[in-house]
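Overview (structure and organization)
Each chain, letter by letter, is given below.
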Amino acid sequence: MSEEIKQRKKRSLSLIQPTSVPTLGNYLGAMRAWPDFQEEFDTIYGVADLHSITVRQDPKKLREQTIQLYAQLIAVGLDPEKSILFIQSHVPQHSQLAWLLNCYTQFGELNRMTQFKDKSQQHSDNVNAGLFTYPCLMAADILLYQADIVPVGADQKQHLEITRDIAERFNGVYGNVFTVPEPYLVKSGARVMSLADPTRKMSKSDPNPKGTVYLTDEPNVIMKKFKSAVTDSEMSVRYADGKDGINNLMTIYSAVTGKTFDAIETEFAGKGYGDFKTAVGEAVIAELEPVQKKYKELMADKAYLEQQWKKGADFASRLSQRTLDKAMKKIGFLAK
């Protein structure tokens, strides 16, 4: 693909933390759509390992999960030949620009961030400065690459809003330095809820292991989790208020098979929940089979993964350095 064609595309950026294996919810809600972005946008994807240390991490586990997530991104369909695919800590420009943006972000703005309030309560023994200034690093991630759009869910809109505010403030002082990014509201294939508590979103951090399906779960584990999924006593497969468990299973089944809710109701008319749970489990296993196969192949070839993340870091560094140089010059720093 020529550089000329690439330049006509809008640039999209997405980062994901290596704090755990991605879940079925991550996959159906966002990751499955990412490969399609490669055709429509100039795409950049990163493993956000710097963000993960606002909470204490086990060093060995962090290294392992970073490699695993990088492999998962390729396994779900991201192509290092089409996208820049990098590890955040390999690109020091992120930390450099984050410090500059710290100085153009107001204390009150950071104090209003809901994620800071939530995580401060969850980790009350470690309310660190990084947790507080986290949005400045996130803004640096986006602004470094002059991203036109950032795919976001509803829970991430506040972070993009502060990024836009920081960019506009900086541009207001120094001229047109940063592209002000637009949110790209992801049309979620599915909002997947916990199998153990279908009133809550499926989460990596769910204390109940039965509630979350991970992309690396073996088929027998996946089936066991679906068979133990919480439902109701009605024994009727239909989408309705008060049937959170069945609604969730129908949402998942619809997402992986493409069938409408009406078609699902017809398919399972007169059948029990046991048949339905088995069918959902089988459909999810079939959906994840090629992803899991590719992931295992990648994890067996660490030399290839290292080659790709080094190449990704090189591309990301060269691209981001242009923005960093421009911002530093505008502020008044002496060029080296």
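Everything below is about the structure printed above this text.
Let me sum up the structure you'll find in this document. (Residues numbered from 1 in each chain as written. Predicted model: local features only at pLDDT ≥ 70, side-chain atom pairs only at ≥ 80, totals over all residues. Heavy atoms only, no water.)

1. A word on the overall build of the protein
On a plain count of helices and strands, the protein comes out with 15 helices and five strands. By the compact-globule yardstick of 20 Å for 336 residues, the protein fits well, its C-alpha radius of gyration being 21 Å. The buried share of the protein, taken over its 336 residues, is 49%. Residue pairs in contact within the protein that sit at least 24 positions apart in sequence constitute 75% of those at least 6 positions apart. Averaging the locations of the 43 positively and 41 negatively charged side chains of the protein gives two centres separated by 4 Å. (Helix = DSSP H or I, 4+ residues; strand = E, 2+ residues; numbered from the N terminus. Rg over C-alpha atoms; globule rule 2.2 N^0.38 Å. Buried < 20%, exposed > 50% of the residue type's maximum accessible area, 1.4 Å probe, protein only. Contact = heavy atoms within 4.5 Å. Lys, Arg positive; Asp, Glu negative; His and termini not counted. Charge placed at Lys NZ, Arg CZ, Asp CG, Glu CD.)

2. Let's talk about helix H12 (residues 244–257)
Taking 1.5 Å as the rise per residue, H12 with 14 residues should run 20 Å; its terminal C-alpha atoms sit 20 Å apart, in good agreement. Taking burial as the measure, the 14 residues of H12 include eleven buried ones, the bulk of the element. On the buried face of H12, the contacting elements are helix H2 (24–29), helix H11 (219–227), helix H13 (261–267) and helix H14 (273–299). Positive backbone phi, approximately 80 degrees, marks Gly258, located one or two places after H12. (Expected span 1.5 Å × (residues − 1).)

3. Considerations on the packing of aromatic side chains
The final tally for this structure, using the stated rule, is 15 aromatic pairs. Between Phe37 and Phe41, the ring centres sit 5.4 Å apart and the planes meet at 40 degrees, which makes this aromatic pair tilted. A single burial state applies to Phe37 and to Phe41, both of which are buried. Both rings, one in Tyr104 and one in Tyr174, keep their centres 5.9 Å apart while their planes meet at 70 degrees; by these two values the pair is edge-to-face. One end of the pair, Tyr104, is in the loop between helix H6 (93–102) and helix H7 (107–111); the other, Tyr174, is in helix H10 (residues 157–174), with 70 residues separating them in the sequence. Look at Tyr104 and you get buried, because its relative accessible area is 16%. Cluster of aromatic residues (ring-pair linked, three or more members): Tyr104, Phe170, Tyr174 and Phe178. (Phe/Tyr/Trp six-rings, centres within 6.5 Å; stacked < 30°, edge-to-face > 60°.)

4. Points about the pairing of strand E3 (residues 84–87)
Residues Ile84 and Phe86 of E3 are buried on one face, and the alternating residues Leu85 and Ile87, pointing to the opposite face, are buried as well. Where strand E2 (residues 42–47) and E3 come together, four bridges link them in parallel fashion. Each bridged residue has a counterpart across the sheet, and for Gly46 the counterpart in E3 is Phe86. (Pairing = 2+ DSSP bridges.)

5. Focus on the pattern of salt bridges
Applying the stated criterion to the full structure yields 16 salt bridges. Its salt-bridge partner being Arg11, residue Asp42 comes within 3.3 Å of it at the nearest N-O pair. Pair noted here: Asp42 is in strand E2 and Arg11 is in strand E1 (residues 11–16), with a separation of 31 residues, a long-range link. Lys243 is paired through a salt bridge with Asp232; the nearest N and O atoms lie 3.1 Å apart. One end of the pair, Lys243, is in the loop between H11 and H12; the other, Asp232, is in the loop between H11 and H12, with eleven residues separating them in the sequence. On the basis of relative accessible area, Lys243 is assigned to the buried category, the value being 4%. For Asp232, a relative accessible area of 22% gives the class partly exposed. Through salt bridges with shared partners, a single network forms among Asp232, Glu234, Arg238 and Lys243. (Salt bridge = Lys/Arg side-chain N within 4 Å of Asp/Glu carboxyl O.)

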